[in-house]
Structure formats: structure tokens, C-alpha cells
Amino acid sequence: QVQLVESGGGLVQPGGSLRLSCAVSGTLFSNLAMGWYRQAPGKQRELVADRTRSGYTNYVDSVKGRFTISRDNAKNTVYLQMNSLKPEDTAVYHCNAKDFWGRVYWGQGTQVTVSS
């Protein structure tokens, strides 16, 4: 069973930082393209950042220069480092994985709240 277990969400002040983690089990990690999505109440879900198996990264314009997606193959874990956080970053963040055969997997979601 493929599982994505997220951690690292919480409450942070504007300008602060958080690092989200997504630990993957049950499949070959090297075959996965990984991503982070977010959805705020009343808003559409959007892709925040993703990283292909080849290492290509992509970010939504609003987080470029502030967020970094990375992966630690030894730990089968993907991270989203979030710096200079803004109130508009407040959302539920979900880890996402897509394997070589097109199957999609989701984490349970973790709440990120940016507020003073």
C-alpha cells in the first residue's frame, strides 16, 4: 500500500518559515514525481511546487524565490521549505505523488496558517 505521511504544518507569523515533510512508503521512490498542492477555503486547489524524477522543479509564481521543493532519497522523503511566509500562503497543503504508470497518490494534508 502506497502511503504519503505529511508533517510540519502549523501556525507561523508573517515572514516566518516552515518545512513540510512527506514520507513515502510502499513504492519505489525513484519512480515518483512529487508535488505539493494547497487549497484555502473557498479557493481552488493549486499546484505549489513539483519535482520530476529527473529533478526538474516547477513553482507557482506566487511562491518563487520563497519556497523550495527537495527530496532526500535516503529517507524516501520530500520537503517543502517555505520562507518569508505571507498570510495568503494559509491553506491546507497536500503532498502528491505520480508514478511512472500514471497512478496518483495523496497525503492526508497539513494545515499551514500564517497570521500575526
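Look up a bit, the structure's there.
Bear in mind that the values here come from a model prediction, so they are computed numbers and not experimental data. What you see as residue numbers is a count from 1 along each chain, following the sequence as written. Where totals are concerned, whole chains, interfaces and linings use all residues; where local detail is concerned, this predicted model gives features only for residues with pLDDT of at least 70, and gives and counts side-chain atom pairs only at 80 or more. Calculation of side-chain values draws on the structure's entire complement of heavy atoms; hydrogens and water are dropped beforehand.

A. Seen up close, the sheet that holds strand β8 (residues 77-82). Strand order in the open sheet formed by four strands is β1-β3-β8-β7, and the pairing between neighbours is antiparallel. Each end of this open sheet is capped by a strand with a single partner; those strands are β1 (3-7) and β7 (67-72). Ignoring strand direction, the axes of neighbouring strands in this sheet form an average angle of 15°. Any two strands with at least two DSSP-identified bridges between them are counted as paired. The helix count covers DSSP runs of H or I at least four residues long, the strand count covers runs of E at least two residues long, and both are numbered beginning at the N terminus. As judged from the five bridges shared by β1 and strand β3 (residues 18-25), these two strands associate in the antiparallel manner. Paired with Leu-4 across the two strands is Val-24, which belongs to β3. For helices, the fitted axis covers only the stretch in contact; all axes are lines through C-alpha atoms, and the angles between them, taken along N-to-C directions, range from 0 to 180 degrees.

B. Representation of the state of the cysteines within the structure. In this description, a disulfide is simply a cysteine sulfur pair whose atoms lie within 2.5 Å. As enumerated under the stated definition, the model contains one disulfide in all. There is a disulfide in this structure between Cys-22 and Cys-95, and the S-S distance comes to 2.1 Å. Torsion about the S-S bond of the Cys-22 and Cys-95 cystine: about -85°, corresponding to left-handed handedness. Of this pair, Cys-22 sits in strand β3 while Cys-95 sits in strand β9 (residues 91-98), placing them 73 residues apart in sequence. Exposure class is identical for Cys-22 and Cys-95. Each is buried. Relative accessibility decides the category of a residue: with a 1.4 Å probe and only protein chains considered, values under 20% of the type maximum give buried, values over 50% give exposed, and everything between is partly exposed.

C. Broad picture of the pattern of salt bridges. Take a side-chain nitrogen of Lys or Arg and a carboxyl oxygen of Asp or Glu: if they are within 4 Å of each other, that pair is a salt bridge. Taken as a whole, this structure holds five salt bridges when the rule is applied. The salt bridge partner of Asp-61 is Lys-64, with a shortest N-O separation of 3.0 Å. On the basis of relative accessible area, Lys-64 is assigned to the partly exposed category, the value being 48%. Its salt-bridge partner being Asp-99, residue Arg-103 comes within 2.8 Å of it at the nearest N-O pair. Asp-99 gets classed as buried once you look at its relative accessible area, which sits at 6%.

D. Focus on the pairing of β9. Judged by how many residues are buried, β9 sits mostly within the fold: six of eight residues are covered. One ladder, built from seven bridges, connects strand β4 (residues 33-39) with β9; its direction is antiparallel. Bridge pairing in β9 links Trp-36 to Cys-95. As paired strands, β9 and strand β11 (residues 110-114) are joined by three bridges and run antiparallel to one another. Its bridge partner lying in β11, Ala-91 is registered against Val-112. In this structure, the hairpin formed by β9 and strand β10 (residues 104-106) is closed by a connection of five residues, where Gly-102 is found at a positive phi of approximately 90°.

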